Structures are given as C-alpha cells and as structure tokens.
Amino acid sequence: MASRAPTMVALLLAAVAATCARAQLHDKFYSESCPSVEEVVRKEMVRALSLAPSLAGPLLRMHFHDCFVRGCDGSVLLDSANKTAEKDAQPNQTLRGFGFVERVKAAVEKACPDTVSCADILALIARDAVWLSKGPYWTVPLGRRDGSVSISNETDALPPPTSNFTVLTQLFAAVNLDTKDLVVLSAGHTIGTSHCFSFSDRLYNFTGMENPSDIDPSLEPQYMMRLKSKCASLNDNTTLVEMDPGSFKTFDTDYFKLVSKRRGLFHSDGALLTDPFTRAYVQRHATGAFKDEFFADFAASMIKMGNANPLTGSQGEIRKKCSVVNH
C-alpha cells in the first residue's frame with residue numbers, strides 16, 4: 001500500500017529522521033513484538049471509513065489535540081470521574097471517535113497484549129485517516145508510551161480557531177513546529193466538518209456588537225451569506241458545516257483555493273493570508289499544480305508533530321484500555 005506514496009515524500013521525510021531518532025521513535029519499533037499492528041489498525045480503519053467516511057477528519061483532529069497538550073502521549077483519551085480531563089475541556093467537547101479508538105485498541109490488544117501504546121495507535125489512525133481519504137501515505141515512527149496525567153485547563157495549549165497569526169505561531173512553536181508546519185498542517189481542514197459556534201462570531205459578533213451587520217470584513221461576501229444561511233445565529237450549537245465545501249471527505253489542495261479566495265472557515269484560516277510566507281504558500285498550492293509537493297510537506301509536518309515530546313523507553317506505560325490508566 002505504501003507504494004502509492006509520492007517519491008518526494010520519501011525524500012523530504014529524511015529531513016525529520018534525525019529528530020525522531022533522538023526521541024527513540026522509529027518505524028520498525030514493533031517489528032518483532034507486534035509486526036501486525038499496522039495491518040490490524042488499517043483493517044479497522046477501512047471498515048469504519050467505509051461506513052462513515054466523515055469520521056476521518058475527527059480522527060486526524062484527535063491526534064493533533066493529543067500532541068499539542070503534554071506531547072503525543074494519549075492523554076486526550078483519558079476519562080476523569082470528576083470531568084477534569086483534557087477531553088472534558090471546551091476545545092475537546094466536539095471531538096468524536098473515542099469509542100472507535102477503543103475498538104482499535106481492543107483489536108491490537110487481541111493480537112499483541114500489553115505491547116502497543118494508545119499514543120502510537122492514534123498516530124497510525126491519523127495517518128490512515130489521511131491516506132484512506134486519498135491523501136499522502138507516510139511511514140509513522142513508533143515507540144511512544146502512554147501518559148497517566150490529563151488536565152482540562154492544559155488545553156490552553158491548543159490553537160483556537162479564533163487565533164490570529166501571532167498566537168498561532170506561538171502555540172505551534174511551543175511544540176517545535178515552525179511557520180511552514182503551521183500553514184501545511186492547517187490544510188488538515190480539507191477534511192471534516194465544524195460546528196457553527198466555532199466561527200459564528202465572524203458572522204454576527206465580529207467586534208462584540210452581536211447583530212447581523214457585525215461581520216468579519218475579511219470574509220468573502222458570498223461565502224459569508226452562504227454560512228449565514230446555515231448558521232442562523234450565535235446560539236446555534238448543533239449545526240455542522242463542511243470545512244472544505246464540496247470535497248470535505250477528500251484530502252486535497254482545495255483548502256488552499258478556498259483560503260486564497262477569503263473563504264477559509266475560521267479566523268485561523270484567514271490569518272494565513274496576513275503573513276508573507278504563509279500567504280505565498282497558500283497561493284502556490286491554490287493553483288493545484290503542486291499536489292505531490294504539498295503531500296510531501298504534509299507528511300513531513302505530521303511526523304514532526306508526532307515527535308512532540310513523546311514518552312519513550314521506561315517512561316509512562318502501555319495502557320490496556322485507552323480511556324483509563326492501568327493502576
């Protein structure tokens with residue numbers, strides 16, 4: 001299956017190999033202890049996405065949300081009896097797919113008990129979510145271990161959809177991601193949906209006036225009216241909107257076309273046009289002429305993000321269930 005990956009991906013990924021080595025992550029980590037792990041995960045992914053292709057976006061997003069808080073340690077998956085875990089925080093209230101992750105973990109446990117971490121399973125799920133949505137394939141460095149701490153207020157480290165460019169660069173830098181990673185990984189918004197409340201202030205409350213004329217002037221007017229027809233008010237907490245209208249189930253470069261036309265859904269999407277480097281990247285890939293280049297960039301940035309402060313070696317544990325620590 002990996003043969004579908006563009007040659008450029010393999011060339012560019014060499015640039016991040018040294019970083020992964022320092023963190024003791026490598027793609028052959030389970031070659032002896034659980035050689036079937038990727039096959040087990042992919043079988044579950046193929047089954048799930050054949051029934052619910054819209055799940056790909058949320059599963060990719062879950063890996064992002066895991067890595068930006070405490071590093072990629074599976075802490076986003078932990079439950080809390082008093083509702084103080086990461087998954088209970090406002091930014092994670094719209095995450096979905098937790099039950100599916102547990103199903104994958106159970107299948108992996110059946111094949112290889114007490115061997116593969118939930119953090120690694122999330123990384124594999126995210127890769128397959130992209131690849132099975134017609135995006136790039138990359139080899140996932142493995143060897144992460146699971147953390148035992150999950151604190152809701154630490155989700156302040158997650159980049160909010162309301163962020164301006166300065167805030168975005170600061171939050172990405174905190175997990176060793178640079179400006180190029182920011183614009184590349186933002187294109188993960190090419191798959192999936194969002195609730196109206198994540199962007200409705202751009203439609204009704206841009207300056208705090210809370211009226212239909214208080215709009216974000218950076219939004220393209222026709223797109224703004226289309227969004228208003230779907231999201232009737234600031235109080236709409238249930239409606240879902242496609243982040244990449246028309247191809248939200250396909251991983252492609254259409255996201256850049258939308259952003260270049262001022263049709264990015266979130267403040268953070270529009271913010272990419274406020275910096276010369278990210279604006280140039282958006283405009284280049286809005287042409288659709290450099291798909292392989294973008295796919296290689298996305299794969300490299302995903303590996304780099306997946307190397308964010310992982311627990312390795314004797315650190316952490318290998319949870320038997322992703323939602324609870326072992327003790």
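Residues numbered from 1 in each chain as written. Predicted model: local features only at pLDDT ≥ 70, side-chain atom pairs only at ≥ 80, totals over all residues. Heavy atoms only, no water.

The name given to the protein chain in an unreviewed UniProt entry is Peroxidase, with Aegilops tauschii subsp. strangulata as the source organism. The UniProt entry for the protein chain carries the following text under Catalytic activity (unreviewed entry): "2 a phenolic donor + H2O2 = 2 a phenolic radical donor + 2 H2O". Checking UniProt for the protein chain, the heading Subcellular location (unreviewed entry) contains the comment "Secreted". (UniProt positions renumbered as here; feature names shortened; annotations may be inferred.)

## A look at the packing of aromatic side chains
Under the counting rule described, the total for this entry stands at 13 aromatic pairs. For the pair Phe 68 and Phe 172, a centre-to-centre distance of 5.1 Å together with 70° between the ring planes defines the contact as edge-to-face. Here Phe 68, found in the loop between helix H3 (56-67) and helix H4 (98-111), pairs with Phe 172, found in helix H6 (residues 165-173); they are 104 residues apart in sequence, far enough to count as distant. In this structure, Phe 68 and Phe 172 share a single accessibility class: buried. Their ring planes at 65° and their centres at 6.2 Å tell us that Trp 138 and Phe 298 sit as a pair that is edge-to-face. One end of the pair, Trp 138, is in the loop between helix H5 (118-131) and H6; the other, Phe 298, is in helix H13 (residues 291-306), and 160 residues separate them in sequence. Of the two residues, Trp 138 and Phe 298, neither departs from the other in class, the shared state being buried. Connected via pairs of aromatic rings, a cluster forms that spans Trp 138, Phe 251, Tyr 255, Phe 256, Tyr 281, Phe 294, Phe 295 and Phe 298. Over the ring of Phe 290 we find Arg 284; its NZ or CZ atom is 3.6 Å from the centre of that ring. (Phe/Tyr/Trp six-rings, centres within 6.5 Å; stacked < 30°, edge-to-face > 60°. Helix = DSSP H or I, 4+ residues; strand = E, 2+ residues; numbered from the N terminus. Buried < 20%, exposed > 50% of the residue type's maximum accessible area, 1.4 Å probe, protein only. Lys NZ or Arg CZ within 6 Å of the ring centre and 35° of its normal.)

## Let's talk about the side chain of Lys 228
Within the secondary structure, Lys 228 is located in helix H9 (residues 221-230). Non-local contacts of Lys 228, meaning those with residues more than four positions away in its chain, are made with Leu 203, Tyr 204, Pro 212 and Ile 215. (Contact = heavy atoms within 4.5 Å.)

## Section: the state of the cysteines
A complete count under the given rule lists four disulfides for this structure. Each sulfur in the disulfide pair Cys 34 and Cys 112 lies 2.1 Å from the other. On the sign convention where negative is left-handed, the bridge of Cys 34 and Cys 112, at about 80° about the S-S bond, is right-handed. Remark: Cys 112 occurs in the loop between H4 and H5 and Cys 34 occurs in the loop between helix H1 (7-22) and helix H2 (37-51); sequence separation between them is 78 residues. The class for Cys 34 is buried, based on a relative accessible area of 1%. Residue classification places Cys 112 among the buried residues on the basis of a relative accessible area of 7%. Here Cys 67 is linked by a disulfide to Cys 72, with a sulfur-sulfur distance of 2.0 Å. In this structure the cystine formed by Cys 67 and Cys 72 twists about its S-S bond by roughly 120°; its chirality is therefore right-handed. The exposure class assigned to Cys 67 is buried, which follows from its relative accessible area of 0%. (Disulfide = S-S within 2.5 Å.)

## A few points about the domain arrangement of the protein chain
Taken domain by domain, the protein chain holds domain 1 (36-157) and domain 2 (165-307). The straight-line distance from the C-alpha centre of domain 1 to that of domain 2 is 23 Å. Contact residues are listed per partner, giving 24 residues for domain 1 and 21 residues for domain 2. Considering only the surface of domain 1 that becomes buried against domain 2, Phe 64, Phe 68 and Trp 138 emerge as the three largest contributors, covering 28% of it. Our count for the contact surface shared by domain 1 and domain 2 stands at two residue pairs in polar contact (both at pLDDT 80 or more). Those elements that provide at least two residues to the side of domain 1 that touches domain 2 are H3 and H5. Here the side of domain 1 that touches domain 2 takes six residues from H3, the largest share from any one element. A class-by-class count of the residues in the side of domain 1 that touches domain 2 yields 13 nonpolar, eight polar and three charged. (Domains from an automatic or database assignment. Buried area = accessible area lost by both parts, 1.4 Å probe. Polar contact = N/O pair within 3.5 Å; in protein donor to acceptor, adjacent residues only side chain to side chain. Nonpolar A, V, L, I, M, F, W, Y, C, P; charged D, E, K, R; others polar.)

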